[in-house]
Amino acid sequence: MSTENLPQSPEQSPQRPPRKPRVAVVFGGRSSEHGISVVTAGAVLAAIDRTKYEVLPIGITRDGRWALTADEPERMAITDRRTPDVEELAESTEGGVLLPVDPANREVVYSEPGSVPKALGEVDVVFPVLHGPYGEDGTLQGLLELSGVPYVGAGVLASAVGQDKEYMKAVFASYGLKVGPYAVIRPREWEQDRSAARRKIVDFAGEHGWPLFVKPARAGSSIGITKVDDLAGLDEAIEEARRHDPKILVEAALRGREIECGVLEFEDGPRASVPAEIPPPSEHSYYDFEAKYIDSTPGVVPAPLTDEETAEVRRLAVAAFDAASCEGLVRADFFLTEDDEFVINEINTMPGFTPISMFPQMWQATGVSYPELVDRLVRAALRRPTGLR
C-alpha cells in the first residue's frame, strides 16, 4: 500500500500556526457489537468539526488487528439489514496501526510487512466508539491510560462496572438505587454442574415468576438476550447467551414502562437530558437488536411523564453516573413500574451513538445538537488528564 496519502506529522516551525488537535476515532473491535460500532463511527466522523479537529479513523478488525481505514462515513451505514465491517474499510489487509506506549510520546505509527513504518503524527485524544468487551469494558481505557493519551468517556473502573451487569447492579444497590431481581450463572457453575445451575434458575423463576430474560452478563445492544416463557426454552436461551459471554445473567421481567435518560459531562459537572420512553415494539416481543437497529423502533422524546417523574428520573440518572464514577457520557435505562417506582436496569458508558440512537435524540430534545454533542465530548476529554483523578 502506498503511504503518500496518509496523514502526515506536521512540521514544527515558527512560521507554521499551531496545528488542530488530532482525534483518533477508534471503532469496530472483537465483540459481537462490531457492526454497530462501525455505524456509530460513521456518524461521529460525519459530524466532527473538521475546521477544529484533524481526524484519524482507526478500525479494529474482529480478530483484533488495528487497521488504518478510509475516512468515508457514507460506507459505514446499515445496508440491506446488514451492518458494516472494518475489514471492508481497511486500507490494507495486513497493515497495522500502533499506539504509543510511552506517555511522553503520542505519535501513532503505521506499519506494513516489508515496509518502513510510517509516522502518522501525534494523537491528542482518542474517541473510542467501541461497544462491548475488548473496548467498552475498560480494556482499551487501560491501554490509553498506560499510553498517556486522553480519551472520550468513562475510565477503567467505570467502564468495567458499566460492562458487567452483575457488578453494575451491586454498585447501584450499594448506593441506594433500586434494581430488579436477578441471578448470575458463572462459567464454572454451568461447566461443572448444569443440573444445579438449571435448578438455581428454576428456583429463581419459582420466586419471581416467568417470563425471565437470559442474557450475556457483559454484552450490549440486546445481543444474545432471550425472553424465556417457560422451562422448555431455558437451555436454548442459556446456550445463546453463552455464545457471547460464558457468564450469564438471569433477570425477572419487570412490568412497567421503559424510560431512558442521557447524562453528559459539562464544565460544571454531569447533567441529565430530557428522558425518552421506549414503547413496546409492535413486531418484536421486546426491545431487541432488530427492533433497535434494523427496524429502528422509534422512541418517544420527551417521554410523557409528569414533571415530578421527569425530575426524579433525571436525578437518578446523574446518581447512577456518579455511583459508577463515570465520565463523559452515560445512557441510563429504567423501568417505571406499576407501583410508580423507578428501577434502574443498566447504564451504558458508550451508548448507541448514531443520529437515530436514543442518546443523541434525547440531547437534541434538550437543546444539544449532534455535532455539538460530539464536540462537547472531545473537549471534555481534552480537559481531563489521564492517570489518577
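In short, a report on the structure. On a predicted model such as this, the values are computed, not experimentally measured, just so you know. (Residues numbered from 1 in each chain as written. Predicted model: local features only at pLDDT ≥ 70, side-chain atom pairs only at ≥ 80, totals over all residues. Heavy atoms only, no water.)

### A word on the pattern of salt bridges
In step 1: Across all of its chains, the model carries 34 salt bridges by this definition.
In step 2: Ionic pairing is found between Glu260 and Arg331, a salt bridge with its closest N-O pair at 3.6 Å. In this pair, Glu260 sits in strand β12 (residues 256–266) while Arg331 sits in strand β15 (residues 329–337), placing the two residues 71 residues apart along the sequence. Each member of the pair Glu260 and Arg331 is classed as buried.
In step 3: Bridged by salt links that share partners, the residues Lys52, Glu267, Glu372, Asp375, Arg376, Arg379 and Arg383 form one connected network. (Salt bridge = Lys/Arg side-chain N within 4 Å of Asp/Glu carboxyl O. Helix = DSSP H or I, 4+ residues; strand = E, 2+ residues; numbered from the N terminus. Buried < 20%, exposed > 50% of the residue type's maximum accessible area, 1.4 Å probe, protein only.)

### Here we look at the sheet that holds strand β8 (residues 182–185)
In step 1: Taken in spatial order, the four strands of this open sheet run β8-β11-β9-β10, and their pairing is antiparallel. The open sheet terminates on both sides in strands that have one partner only, identified here as β8 and β10 (226–228). Averaged over all adjacent pairs, the angle separating strand axes in this sheet is 25°, with direction ignored.
In step 2: Relative to strand β11 (residues 248–252), strand β9 (residues 212–216) is paired through five bridges, and the arrangement is antiparallel. Residue pairing in the sheet places Lys215 in a bridge with Leu249 of β11.
In step 3: Contacts between helix α7 (residues 194–208) and the sheet are confined to β8, β9 and β11, with β8 contributing the most and set at about 175° to the helix.
In step 4: Its contacts with the sheet put helix α8 (residues 234–242) on β9, β10 and β11, and the angle it makes with β9 is roughly 25°. (Pairing = 2+ DSSP bridges. Axes fitted to C-alpha atoms, helices over the stretch in contact; angles between N-to-C directions. Contact = heavy atoms within 4.5 Å.)

### Observations regarding the nonpolar core
In step 1: Counting 33 residues, the largest nonpolar core has Val23, Val25, Phe27, Val44, Phe127, Phe353 and Val374 as the members making the most contacts within it.
In step 2: For this core, the secondary-structure elements that each account for two or more residues are β1 (22–28), α1 (34–47), α2 (86–89), β7 (125–128), β12, α11 (358–366) and α12 (370–383).
In step 3: Here Val44 is in contact with Val25, Phe127, Val129, Phe353, Tyr370 and Val374, once residues within four sequence places are set aside. (Core = buried A, V, L, I, M, F, W, Y, C linked by side-chain atoms within 4.5 Å.)

### Observations concerning the packing of aromatic side chains
In step 1: Within this structure, the stated rule accounts for five aromatic pairs.
In step 2: Judged by centre distance (5.4 Å) and plane angle (55°), the rings of Phe353 and Tyr370 are tilted. Note that Phe353 is positioned in the loop between β16 (342–348) and α11 and Tyr370 in helix α12, a separation of 17 residues in sequence. An identical accessibility class is assigned to Phe353 and Tyr370; each is buried.
In step 3: Each member of the aromatic cluster is reached from another via a ring pair, and the members are Phe127, Phe353, Phe359 and Tyr370.
In step 4: The ring of Tyr134 has Arg30 lying over it, and the distance from NZ or CZ to the ring centre is 4.0 Å.
In step 5: Geometry around Phe266 places Arg271 over its ring, the cationic atom sitting 4.0 Å from the centre. (Phe/Tyr/Trp six-rings, centres within 6.5 Å; stacked < 30°, edge-to-face > 60°. Lys NZ or Arg CZ within 6 Å of the ring centre and 35° of its normal.)

### A few points about the sheet that holds strand β4 (residues 96–98)
In step 1: Spatially, β4-β5-β6 is the arrangement adopted by the three strands of the open sheet, whose pairing is antiparallel. The open sheet has two free edges, formed respectively by β4 and β6 (118–122), since each of these has just one partner strand. When the angles between neighbouring strand axes are averaged without regard to direction, this sheet yields 25°.
In step 2: For strand β5 (residues 107–111) and β6, the ladder comprises four bridges, and the chain directions are antiparallel. From the neighbouring strand, Glu107 faces β6, where its bridge partner is Glu122.

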